[in-house]
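Analysis of the macromolecular model
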Amino acid sequence: MEVAFLVITAMICGQNKWTDIKDFGEGNIEWLREYLPYDNGLPTRHNIAAIMRTVVPETLLEAMVGWVNLHREKHAQPIISVTVYAALSQRCDRLVLEDYADRIGYERVISFQTHLPSGAPVYHTNVMMSVGEQFCVICDEVIPEFERRFVIKSLAKDKQVISISLAQMNQFCGNILQLETADGGKVIAMSQSAHNAFSAAQKKQLTTHGKLLPFDVSTIESIGGGSVRCMLGEVFLPSYL
C-alpha cells in the first residue's frame, strides 16, 4: 500500500516516470508519513517499478476505495458507494456494464430499463437521476413498474429519494451534482432551468444536503443536449491529495 500510495499521489502531481516518482517521494517523505509509516524508507526506482508491475489494477482500485472509506469514516463522512445504478440504452449495455463493474471492484450493479412517451429509452443515466452522498434525485416514472420498486427500495436504504416528473427531467432536474468545497461544505450544482423547475418543497429537501448553486447554461442545454452535470467530473480522493 505504501508504494501504491506513493505512485498514485506522484502521478496526480504530474510525475509519470519511475525516477520522477522516486524523487517526488524523497522530497515529500514527511508528508507521506502523515498517512502511512514508511518505516523502511522508499524502495529504489527499479523496485517501485517491479512492485507496481505485479499489482492487479482492479485490486488496487478496490484497496484504494477501502482506504479512502476508512479515512472518511474516521472523519464522520459518508463512505463512497460501491453500487452502480445505470439506465440501459444504446450508450449503456448490461453485459458490458457488469463486466466493467466486476473489473474495477464494484460490489453491486443495479441496471434498469427506461421508457419515454415515444417508446425510446432515456439516452443517458445522468439525465434522469443524480446520486449524492445522502440523497438521490430520480425520474422514477420512466422506469417500468416491476423495476421501479426495486430501484427505489435500494436507493432508500441509505438515501433520501426525491422523485421528479418527466417534465422536470426535461428541464435537467436530474442533471445536477453534489460537490464539496475546499472547506468541506456541500453545494449542489445545477442549471438555472433546473432550479426554476424544482418545486419549493423539493428545493427545501435539497438544501438540507447542500447550498444550491444554479448557473445559466441555456446555450449548452439547447444546443449541446446536456446540462451542468455533463460539464463536471468527480474526484473521489481525500482532499489532501
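The structure contained in this document is the topic of the report that follows. What you see is a predicted model; the values in this text were computed from it and never measured.

**Quick word on the packing of helix α1 (residues 2-12) against helix α4 (residues 45-53)**
Put simply, α1 and α4 touch, their axes get as near as 10 Å, and they point 100 degrees apart. With respect to α4, the axis of α1 lies roughly perpendicular. Contacts between α1 and α4 involve V3, A4, L6 and V7 from the first element and I48, I51 and M52 from the second. Split into classes, the residues belonging to the contact of α1 with α4 amount to 7 nonpolar, no polar and no charged.

**Comments concerning the nonpolar core**
M128, F198 and L206 are the most contacted members of the largest nonpolar core, which totals 29 residues. Those elements giving two or more residues to this core turn out to be β1 (83-87), β2 (108-112), α7 (125-128), β4 (135-138), α8 (145-156), α9 (166-169) and β7 (186-191). With 4 residues, the top contributor of residues to this core is β4. Beyond its immediate stretch of four places on either side in the chain, M128 contacts A87, F112, T114, V122, V137, I138, C139, V142, I143, M169 and G174. In this structure, V3, F5, L32 and L36 belong to the second largest nonpolar core, which totals 16 residues.

**A look at the sheet that holds strand β6 (residues 177-180)**
Strand order in the open sheet formed by 3 strands is β6-β7-β8, with mixed pairing between adjacent strands. Each having just a single partner strand, β6 and β8 (211-215) make up the two edges of the open sheet. Taking the axes of each pair of neighbouring strands and ignoring which way they run, one obtains an average angle of 30 degrees across the sheet. Across 4 bridges, the pairing between β6 and β7 is antiparallel. Of the residues in β7, the one forming a bridge with Q178 is I188.

**What to know about the packing of aromatic side chains**
Tallied over the full model, the rule gives 3 aromatic pairs. Judged by centre distance (5.3 Å) and plane angle (70 degrees), the ring pair of W31 and Y35 falls under edge-to-face. Judged by its relative accessible area of 23%, W31 is partly exposed. Among the aromatic residues, those joined into a cluster by ring pairs are F5, W31 and Y35.

Calculation rules
Residues numbered from 1 in each chain as written. Predicted model: local features only at pLDDT ≥ 70, side-chain atom pairs only at ≥ 80, totals over all residues. Heavy atoms only, no water. Axes fitted to C-alpha atoms, helices over the stretch in contact; angles between N-to-C directions. Helix = DSSP H or I, 4+ residues; strand = E, 2+ residues; numbered from the N terminus. Parallel < 35°, antiparallel > 145°, perpendicular 65-115°, else oblique. Contact = heavy atoms within 4.5 Å. Nonpolar A, V, L, I, M, F, W, Y, C, P; charged D, E, K, R; others polar. Core = buried A, V, L, I, M, F, W, Y, C linked by side-chain atoms within 4.5 Å. Buried < 20%, exposed > 50% of the residue type's maximum accessible area, 1.4 Å probe, protein only. Pairing = 2+ DSSP bridges. Phe/Tyr/Trp six-rings, centres within 6.5 Å; stacked < 30°, edge-to-face > 60°.

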